[in-house]
Amino acid sequence: MGIRFFSTKDRPFHMGPYPLERLKRTSSMPDLNQVPASKQLDFHDLDTPHSLVNAMGEYQAMMDAIRDGAVNPTPATAPSDPQERSNHMKAFGYFQDTSMIGVCTLPRSALLVEPTRNSDIDRLANDIRTKQTKTLTSGIDQIMAALKESIEAPLEAIDHHTHAIVLLVEHHRDPKAHEPGSEWIMGTQDHRAALRGTETAVILAEYLHLLGFSARAHTSSSSDVDMNQLAVAAGLASVEKGRLFAPYIGEGFGLAVVTTNFEMAVDEPLAPWIDQPNSPAWWVGKGTSKSALNRDPYAKRRYVDGAHPFEKLKRVDTPTTYIDEERVARVPKRTDMFARAQFGDLGKKQQEAASGGWYARKSAHSFSQRRVLGAFVLLQDGESAAPAQRPTEAERNAENVKAASYFLGVDAVGISRCPDWTWYSHDATGTPIDPPHNNAISMIIDQGYETMEGASGDDWIAVAQSMRAYLRFSLLGGIIAKQIRNLGYKAKAHSVMDGEVLQPPLLLLSGLGEVSRIGEVILNPLLGPRLKSGAVTTDMPLAHDKPIDFGLQNFCESCNKCARECPSGAITAGPKRMFNGYEIWKSDSVKCTTYRITTEGGAMCGRCMKTCPWNLEGIFKEKPFRWAAMNMPKAAPILAKLDDTLGNGGVNDAKKWWWDLELKEDGGYKEPAAPINRRDLDPDLDLKFEDQTLAVYPANLAPWPYPYPFPMDREAGIQAYRDMISADEYKARLARGET
Ligand code: SF4
Ligand code: SF4
């Protein structure tokens, strides 16, 4: 995000990162016929086979294929106030990281006589008709069936649509030809912006379908409307010297649109640029997260380095927690707790809650994201091309991977070996895995600071916070995997729905974080624990990064805020122990999973991430915290205490933008029956390790690899917890030949 001098804690989220409210507007609509027509974008660059555009094409086509969908016949009890509706849809778009959003009525002049259609959809439809998935995720079969149906369904006219939501995605700096890692991304700005706008437009359209409204996404490659006209009508751009120009940004941006019959308050068009005020507040960033100083995180940084100063972190040869690589016990994919819940291993209540992916379907926000996420499962892996020459320089390949990932929008990237012990032993079908790739590209997606501020961590937005990040990885990680396959190597993106590697150890090896008290959550010093990860495995030669040490082990030993704030009591208040060959603070994953899928006052949970002192806004005033936490080990208990005293991790109502709606038995999204989880901090709770009863399920208690029930033995799990030993004791026993 770059430098920021002012907090934006009081700015309502729907107002977005730019001060659009300060712009001068006009009540008279400009002549839209004078707006330069939008042009269709082609996602093939045959002259440059290594261009990232060629890898984006399949994903763009998949999203274009599902830009419309079935309307829920049971309407939601959504607010009817047009302004509230407009604010809500904008906030959802900003949650998805759109730069600017405007709403307008749909002028008839913007309807294209000849709609554009992505010609790759037909080829894609042929490909996926025969594709099978290897996922344990419940409900994916229904998504796939609906997906195949909707790809083939003809689109109706949108004459009944009355409104348009216009999404603008800004460009960052143009990559320079001699910049390390720029080989794949040169000349791909328009495609990147189109792709990211499409992601959001498809989600918003599906969200409106779920609420019971007609809606369709329009993109740079498939559209029924002239998007440039709508950008002017919705007050996002003006025509200056015959070209489209967006305030604060200029000419470098892409557009996507959602048309709908969902009535909303509209924005007025912009006055010409010459009449716009020159605001000093914009230059210093008063009141907004974006300013002239920080607008482009890559203005003074190389894409290969990312937006955050990761290069300043201390690198070490081995992770800060012990891993007995030779004895790590590989377990089957079937050990995934969500899969276990769905097969009934955790009990009937959990099985019902997990069945059909109910925990994601019960929130309309997350279910709208899940449709796209499901579609991407079909693209995660595939055949490799056979180019005349493959790129063989490990250093150069790593630079290209990193620069492309950051350019697309990944928040942190690290590269490591991918040892056999990081792979599951069996895949989702129960077939043994013979690790096919030796390198891993780990990626982190930030779950978003502002929405986390507005949330309690376990309310009605929690599941969409996770789903947004999982989806972003599936899209961007999937494109990187496809790019590597286009260059002649094997590569697979391991997403939340279909993955065959354990991500925490890969994150450690690639220097993206350290083990935290939260348990399986690896904490990044610049993004905190507020993240989701994914990995791309490959046989492409790649230079590796090293693990990092930023003092977290000491900090977590002096702090147990996440354990105190966990609503299910799943996080240990005790010391680290050895589990399956790893030294970690082992949490009770059954307690956590049970709470996440069965909580009635919300959907899912990430309260541990929300309340951790490392969940920072990233503004200037918080740099001292980070510096002290990293450089002054003795300050850790004081900093942890100070964080509590300041009330950090509480709920900020100014940032609550989502509607609390729950899926009912009649199929409609309505007011939840149970009181909503909006809990505040509990600093007076003195949680003691001795009072906790936790259970763990090491490899000897793992289920069989097959997709059939395997009930858990909680008593054995409790005993297994008591039997765990410290890393020192473990090493001593190894030395004595006892393990
Ligand atoms: Fe929620 Fe699980 Fe974290 Fe506890 S450990 S706060 S239940 S996500
Ligand atoms: Fe570590 Fe405290 Fe964050 Fe928990 S809340 S992960 S103990 S720093």
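Whatever comes next refers back to the structure up there.
Predicted model only: the values in this text are computed from it and were never measured.

K.L.:
Before we move on, can you summarise the overall build of the protein with the specific residues and values?
P.N.:
A tally of regular secondary structure across the protein gives 23 helices and 18 strands. Along the three orthogonal principal directions, the C-alpha set of the protein runs to about 85 × 60 × 55 Å. Counted over contacts in the protein with a minimum sequence separation of 6, partners at least 24 positions apart contribute 82%. Carbon and sulfur atoms make up 52% of the accessible area of the protein, which totals about 28,600 Å². Mean positive and mean negative side-chain charge positions of the protein (84 and 94 charges, respectively) differ by 3 Å.

K.L.:
Residues and numbers for the sheet that holds strand S8 (residues 253-260), please.
P.N.:
Here 4 strands make up an open sheet; going across it, the order is S1-S3-S8-S4 and the pairing antiparallel. The two strands at the open ends of the sheet, each matched to only one other strand, are strand S1 (100-105) and strand S4 (215-218). Mean inter-strand twist for the sheet, computed between neighbouring axes without regard to direction, equals 20 degrees. Alignment of S1 against strand S3 (residues 163-170), held across 6 bridges, turns out to be antiparallel. For Cys-104, the partnering residue across the bridge sits in S3 and is Ala-164.

K.L.:
Before we move on, could you go through the packing of aromatic side chains and cite the residues and values that matter?
P.N.:
A complete count under the given rule lists 24 aromatic pairs for this structure. Aromatic pair Tyr-18 and Trp-282: ring centres 5.7 Å apart, planes at 35 degrees, arrangement tilted. Residue Tyr-18 is located in the segment before helix H1 (53-65), and its partner Trp-282 is located in helix H7 (residues 280-284); the two are separated by 264 residues in the primary sequence. The buried category is assigned to Tyr-18, whose relative accessible area is 1%. Both rings, one in Trp-657 and one in Trp-658, keep their centres 5.9 Å apart while their planes meet at 90 degrees; by these two values the pair is edge-to-face. Members of the aromatic cluster, each reached through a chain of ring pairs, are Phe-13, Phe-92, Phe-95, Tyr-207, Trp-657 and Trp-658.

K.L.:
Could you give me a rundown of the packing of H1 against helix H3 (residues 120-129), with the residues and numbers involved?
P.N.:
At a minimum axis separation of 9 Å, H1 and H3 run at an interaxial angle of 90 degrees. Comparing the axis directions of H1 and H3 gives the class roughly perpendicular. From H1, Gly-57, Glu-58, Ala-61, Met-62, Asp-64 and Ala-65 reach across to H3, where they touch Asp-120, Ile-121, Leu-124 and Ile-128.

K.L.:
Explain empty space enclosed by the protein to me, using residue names and the numbers behind them.
P.N.:
Where empty space is left becomes clear once a probe the size of a water molecule has been rolled over the atoms. Counted by the stated rule, this structure contains 5 cavities of 30 Å³ or more. Looking at the second largest cavity, its volume works out to about 80 Å³. Forming the walls of the second largest cavity are Ser-516, Arg-517, Ile-518, Leu-523, Phe-555, Cys-556, Cys-559, Lys-561, Cys-562, Cys-612, Pro-613 and Trp-614. Those elements that place two or more of their residues in the lining of the second largest cavity are helix H16 (552-557) and helix H17 (561-565).

Reading the values: the criteria
- Residues numbered from 1 in each chain as written.
- Chains lettered and ligands numbered in written order.
- Predicted model: local features only at pLDDT ≥ 70, side-chain atom pairs only at ≥ 80, totals over all residues.
- Heavy atoms only, no water.
- Helix = DSSP H or I, 4+ residues; strand = E, 2+ residues; numbered from the N terminus.
- Contact = heavy atoms within 4.5 Å.
- Areas by Shrake-Rupley, 256 points an atom, 1.4 Å probe, with all protein chains shown as cover.
- Lys, Arg positive; Asp, Glu negative; His and termini not counted.
- Charge placed at Lys NZ, Arg CZ, Asp CG, Glu CD.
- Pairing = 2+ DSSP bridges.
- Axes fitted to C-alpha atoms, helices over the stretch in contact; angles between N-to-C directions.
- Phe/Tyr/Trp six-rings, centres within 6.5 Å; stacked < 30°, edge-to-face > 60°.
- Buried < 20%, exposed > 50% of the residue type's maximum accessible area, 1.4 Å probe, protein only.
- Parallel < 35°, antiparallel > 145°, perpendicular 65-115°, else oblique.
- 1 Å grid on protein atoms, 1.4 Å probe; cavity = no way out; pocket = protein on both sides within 12 Å on 5 of 7 lines; lining within 4 Å.
- Points joined across faces, edges and corners; volume = space filled by probe spheres on them.

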